[in-house]
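Architecture and fold: a report
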Amino acid sequence: SPTFGCSLCEEHNGNIPTPYEDNSNIPRHSDVCFTSRSYHPHPIGNPNTFPKLNTWEAAKAFYATRIDWVYNDDKAFYHNATKRHLRTTAAVNSNLPDKPGSGTYDVGRIRDIHGHKITAPWMRAWKNPPYWGCANHPEYLDIVLTAAKTLLSIGATAIQHDDPGINAESVRFGGCYCSRCMSLFTPYVLSNVSHTIIHELNITKSWNYREFLLNPKHNKKYDTDLRQAFVTFQGDSSTNYQRTLRKKLFSAKYGVGRPVTMSCNNGVRNWWGPYGVFDYGLGELSEVDATPEKLYSLLVEKVPAGKKQVTTMPKWDHEPTVGEKHVIQIVAGFAYSVGTNMLVPWDIYLPTPHAQRYYGNVSDYAPLFKFARDNAVLLDGFDAVYQGLANTSMIKVNQSDVYVFPRTNTNATTQELTVLHVSDWTYCGVNCTHKRAARRISVNMKGVLHQDKCNCIQFSLLHPATTNRMPLTPNCNKPTAGWVEVVVPAFNQPWGMILANATGCHATAPAAEG
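To keep things clear, this report deals only with the structure shown in the data block. Quick caveat: nothing in here was measured; it's all calculated off a predicted structure. (Residues numbered from 1 in each chain as written. Predicted model: local features only at pLDDT ≥ 70, side-chain atom pairs only at ≥ 80, totals over all residues. Heavy atoms only, no water.)

Some remarks on the pattern of salt bridges
Summed over all chains, the structure comprises 14 salt bridges. For K117, the salt bridge identified is with D106, shortest N-O distance 2.7 Å. Residue K117 is found in the loop between strand 3 (87–92) and helix 4 (138–153), and its partner D106 is found in the loop between strand 3 and helix 4; the two are separated by eleven residues along the sequence. Classification of K117 by relative accessible area gives partly exposed; the value is 24%. For E200, the salt bridge is made with K221, and the minimal N-O distance between the two is 3.5 Å. Taken together, the residues span a long stretch of sequence, with E200 in helix 7 (residues 195–200) and K221 in the loop between helix 8 (209–214) and helix 9 (223–250) at a distance of 21 residues. (Salt bridge = Lys/Arg side-chain N within 4 Å of Asp/Glu carboxyl O. Helix = DSSP H or I, 4+ residues; strand = E, 2+ residues; numbered from the N terminus. Buried < 20%, exposed > 50% of the residue type's maximum accessible area, 1.4 Å probe, protein only.)

Encoded structure:
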């Protein structure tokens, strides 16, 4: 193998992924998560996209192992995905029509205070904006449950719930004051609001929050308190909706009779309430969060135990410039460095006035995803090595914008291999004339490499521009005893790996002949 020299490497090369070790469909570290938000049978792209590709061509060109977050209810699509060894996360959302393809949105809908159906602000400019369903309406839950069951029955392997906050989200833009919400909110108020408020406002079982607010002469003294109670109530309603949906989907009576991996669009930050019900988050990243410290916090530190955070590329309100493409490349490598994934930058929503979608060039991004697939054996099964009391796996190199993330195979009987992921935030393209210096990377022998000596460890460098390992010479006991310094020559890539192979440290002398 050109990468690590083990029998496992060959089966990871190319587009065909090895089987998942369990029934979970949470993306593995080495997966290439691709999205085709809707199926594109014909080549598509932006004016500057080259080449323009259809869905299957793009998936192959970017070395995809799965298609996440796709809106499609055609059995042939999932059959073709399976034939191409692609797992699929099919999408449902908070604004499905009454029946598939009907274009009507009347059953179980969110209502504003005047009784009108509402849609999200970012959907109002759409040609046919959908109206949101209400988390407290069993009829709408049945619509989503039926859709999810259908998608799984025709071949989808997991379910993505877009806009999972449902009522918790819509409360920010006018909902929900439907009759069902009002009938449930009254007993909530009687059980959770102070007796002072209940007494002064004369709240009884027949009290109606919507009617109360619409009365121009109502007592406004406790409007803020009631509003906060209403927001909390709608958050709880949304959490209950997601839990009920999940429970019913898993059941044999109402659903598919087995556990199903479920993800949601959580904005790369939300894990409270309804968002915490899901197995992993697949969120849209704002460009303001595309810094190493913020990303590490969002992708690692704030992710609950047992969960995973997958991200899109960072978003701008325009098609990315050349410099912004470099940031996307850096974020893709950074995500792999910390143990997660970034969606391939193809068919990605941009927050422009007309909701433009971005179709990235294969030449800009495919080499990074190929590097992940070629070295899957160095990714899957490797967990972060944390640094002492700081409880972080992020090492900043010499006060520069280069970061190192050590990962080791914790399932191995002896931790013979540590992979030091190098994320270079100074990267400015393969043709950049910016002068780069060699990096001096120092790590603690015992704390990071789990070894007492370093002269038996073989160090080498891998990066997307080469298939060959570059040997590196360690400086033992530098900067101090118990540490090892590795001088890494400048390589013009946003992501690379330093392999620290300690196999030689465990070699035993041959038995004496006798």
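Quick word on the pairing of strand 6 (residues 280–286)
Counted residue by residue, strand 6 has five buried out of seven residues, so it is predominantly covered. By the bridge criterion, two bridges tie strand 5 (residues 262–264) to strand 6 in an arrangement that is parallel. Looking at strand 6, one finds that C264 is bridged to G281. Pairing analysis gives six bridges linking strand 6 to strand 7 (residues 308–315), with the strands arranged parallel. (Pairing = 2+ DSSP bridges.)

Some points on the sheet that holds strand 5
In space, the seven strands of this open sheet follow the order 1-2-3-4-5-6-7, with parallel pairing throughout. The open sheet terminates on both sides in strands that have one partner only, identified here as strand 1 (33–34) and strand 7. On top of the sheet, helix 3 (residues 75–83) reaches strand 2 (66–70) and strand 3; it is set at about 150° to strand 3, its chief contact. In this fold helix 4 packs onto strand 3 and strand 4 (158–161), with an angle of close to 160° to the strand it touches most, strand 3. (Contact = heavy atoms within 4.5 Å. Axes fitted to C-alpha atoms, helices over the stretch in contact; angles between N-to-C directions.)

Some details on the sheet that holds strand 14 (residues 439–444)
Neighbouring strands of a sheet are bound in pairs by backbone hydrogen bonds; such pairs are parallel or else antiparallel. Sheet architecture is open: three strands sit in the order 14-18-17, paired in antiparallel fashion. In the strand order of this sheet, the two ends are held by strand 14 and strand 17 (474–476), each with one partner. Geometrically, the sheet is characterised by an average inter-axis angle of 25° between neighbouring strands, direction not taken into account. Two strands pair when backbone bridges link them, and strand 14 and strand 18 (residues 483–488) are joined in this way by six bridges, in the antiparallel orientation. By the bridge assignment, R440 is partnered in strand 18 with V487.

Things to note about the packing of helix 4 against helix 9
As a packed pair, helix 4 and helix 9 sit with axes 10 Å apart at the nearest point and diverge in direction by 40°. Considering their axes alone, helix 4 and helix 9 lie oblique with respect to each other. By crossing handedness, the relation of helix 4 to helix 9 is classed as right-handed. Contacts between helix 4 and helix 9 involve Y140, L141, D142, V144, L145, A148, K149 and L152 on the former and, on the latter, Y241, T244, L245, K248 and L249. Grouping the constituent residues of the contact of helix 4 with helix 9 by class yields nine nonpolar, one polar and three charged. (Parallel < 35°, antiparallel > 145°, perpendicular 65-115°, else oblique. Left-handed = near helix turned anticlockwise from the far one by under 90°. Nonpolar A, V, L, I, M, F, W, Y, C, P; charged D, E, K, R; others polar.)

Remarks on the nonpolar core
F34, F62 and I159 are the most contacted members of the largest nonpolar core, which has 92 residues in total. Examining the composition of this core, we find that eight residues originate from one element, helix 4, more than from any other. When sequence neighbours within four positions are dropped, the list of residues in contact with F62 reads V32, F34, V344, W346, G360, N361, V362, Y365, A366 and F369. (Core = buried A, V, L, I, M, F, W, Y, C linked by side-chain atoms within 4.5 Å.)

Some words on the packing of aromatic side chains
Applying the stated rule across the entire model yields 29 aromatic pairs. Arranged with centres 6.1 Å apart and planes meeting at 20°, the rings of F185 and Y188 form a pair that is stacked. With F185 and Y188 both in helix 6 (residues 179–192) and three residues apart, the pair spans about one turn of that helix. Across the pair, Y188 and F185 agree in class, each one buried. Grouping aromatic residues by their ring pairs yields a cluster made of Y177, F185, Y188, W207, Y209, F212, F230 and F233. (Phe/Tyr/Trp six-rings, centres within 6.5 Å; stacked < 30°, edge-to-face > 60°.)

A short note on the state of the cysteines
What the rule picks out here adds up to two disulfides. Disulfide pairing is shown between C454 and C476; the S-S distance is 1.7 Å. Across the disulfide from C454 to C476, rotation about the S-S bond amounts to roughly -130°, and the bridge is consequently left-handed. Here the residue C454 occupies a position in the loop between helix 13 (445–449) and strand 15 (458–462), and C476 occupies one in strand 17, the gap between them amounting to 22 residues. A relative accessible area of 5% means that C454 is categorised as buried. In this model, C456 is linked to C505 through a disulfide, with the two sulfur atoms separated by 1.9 Å. (Disulfide = S-S within 2.5 Å.)

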